[in-house]
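A closer look at the structure
Spelled out from the first residue to the last, the chains are:
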Amino acid sequence: DGARGGGGSSPAAPPPAEYALYTHRAEGLRVLGAEDAVEVRLAAREWEIVVVAPVRAEGEVRWAPLGLLDMLNGGGAVLSSSLALSSPPGEAAATAVVWAAGRIGAFARPAPLEVCVDGSPVRFEYDEGSGLLTVNVAADGAEVEPLELRARWGPPAEEEEEEQQS
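Some points on the overall build of the chain
Check the secondary structure of the chain and you find 1 helix and 13 strands. Sequence-ordered secondary structure for the chain, helices as α and strands as β, is β-β-β-β-β-β-β-β-β-β-β-β-β-α. The burial tally for the chain puts 32% of its 166 residues in the buried class. By sequence separation, contacts in the chain at least 24 residues apart represent 61% of the contacts at least 6 residues apart. Put simply, the chain shows about 10,400 Å² of open surface, and 50% of that area lies on carbon and sulfur atoms.

In structure tokens form, the structure reads like this:
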């Protein structure tokens with residue numbers, strides 16, 4: 001719509017305020033503001049790969065998928081990602097579609113209540129200090145296909161509430 005000065009295109013989304021940085025060899029995670037800088041010093045013949053992912057924020061929840069942590073270009077395995085508040089209030093869900101199985105990582109704050117892969121709950125590890133969420137997904141030997149990782153925040157699921165009340 002040229003009348004609004006947009007030339008028919010929608011306005012660009014503002015850039016993220018924060019970025020999650022995961023260092024491959026050091027296996028470290030830190031979050032920096034958009035204007036922050038980080039210095040990486042390497043000795044002769046040393047190397048490091050840094051995955052940089054924009055942090056999405058909705059309410060109190062922050063989320064940035066990092067990809068396959070044991071691959072040199074593991075950040076490239078993230079095909080898509082989303083974070084949304086849901087109903088009832090106080091609940092949020094994040095998804096990341098990742099190409100292939102392996103050790104999948106994401107920055108998450110706070111710790112999610114539940115993590116599912118392709119709709120099935122899975123065991124996950126969470127580091128309170130860094131916010132690193134990791135899930136190990138074993139390859140089933142079949143063709144490589146995208147996996148959907150879904151993290152959920154909010155009150156416990158209804159079944160859990162019923163079990164707690166009995």
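Back to the write-up after that little detour.
Describing empty space enclosed by the protein
Applying the stated criterion across every chain, the model contains 1 cavity of 30 Å³ or more. Taken as a whole, the largest cavity holds about 50 Å³ of empty space. Around the largest cavity, the lining residues are Tyr22, His24, Ile49, Val51, Leu66, Leu68, Leu69, Met71, Leu72 and Gly74. Classifying every residue of the lining of the largest cavity gives 8 nonpolar, 2 polar and no charged.

Side note on the sheet that holds strand 3 (residues 50-54)
Strand order across the open sheet formed by 3 strands is 2-1-3, with antiparallel pairing between neighbours. In this open sheet, the two edge strands, each paired with only one partner strand, are strand 2 (28-33) and strand 3. Put simply, the sheet's adjacent strands are angled 25° from each other on average, direction ignored. Here strand 1 (residues 18-23) pairs with strand 2 via 6 bridges, running antiparallel.

Observations regarding the nonpolar core
Membership of the largest hydrophobic core comes to 23 residues, with the highest contact counts inside it found for Trp63, Ile104, Leu133, Leu149 and Trp153. Mapped by element, the contributors of at least two residues to this core are strand 5 (61-68), strand 7 (91-99), strand 8 (102-109), strand 9 (114-117), strand 12 (132-137) and strand 13 (146-153). Ala20, Tyr22, Ala53 and Leu69 belong to the second largest nonpolar core, which has 11 residues in total.

Notes on the sheet that holds strand 7
The strand order 6-7-13-9-10 describes an open sheet built from 5 strands, whose pairing is antiparallel. The open sheet has two free edges, formed respectively by strand 6 (78-86) and strand 10 (120-121), since each of these has just one partner strand. Across 2 bridges, strand 9 lies against strand 10 in antiparallel orientation. In the strand pairing of strand 10, valine 117 is matched with serine 120.

Focus: the environment of leucine 79
In this structure, leucine 79 sits in strand 6. The sequence separation of leucine 79 and valine 97 amounts to 18 residues, and the corresponding C-alpha distance is 5.4 Å. If near-sequence neighbours (up to four positions away) are discounted, leucine 79 is found in contact with Val97, Trp99 and Pro146.

Focus: the side chain of arginine 103
Along the polypeptide, arginine 103 turns up in strand 8. Among the polar contacts made by the side chain of arginine 103, one reaches the side chain of aspartate 70 at a distance of 2.8 Å. The contact partners of arginine 103, leaving out residues within four places of it in the chain, are Tyr22, Glu27, Gly67, Leu68, Leu69, Asp70, Thr134, Val135 and Asn136.

Cut-off values and rules
Residues numbered from 1 in each chain as written. Predicted model: local features only at pLDDT ≥ 70, side-chain atom pairs only at ≥ 80, totals over all residues. Heavy atoms only, no water. Helix = DSSP H or I, 4+ residues; strand = E, 2+ residues; numbered from the N terminus. Buried < 20%, exposed > 50% of the residue type's maximum accessible area, 1.4 Å probe, protein only. Contact = heavy atoms within 4.5 Å. Areas by Shrake-Rupley, 256 points an atom, 1.4 Å probe, with all protein chains shown as cover. 1 Å grid on protein atoms, 1.4 Å probe; cavity = no way out; pocket = protein on both sides within 12 Å on 5 of 7 lines; lining within 4 Å. Points joined across faces, edges and corners; volume = space filled by probe spheres on them. Nonpolar A, V, L, I, M, F, W, Y, C, P; charged D, E, K, R; others polar. Pairing = 2+ DSSP bridges. Axes fitted to C-alpha atoms, helices over the stretch in contact; angles between N-to-C directions. Core = buried A, V, L, I, M, F, W, Y, C linked by side-chain atoms within 4.5 Å. Polar contact = N/O pair within 3.5 Å; in protein donor to acceptor, adjacent residues only side chain to side chain.

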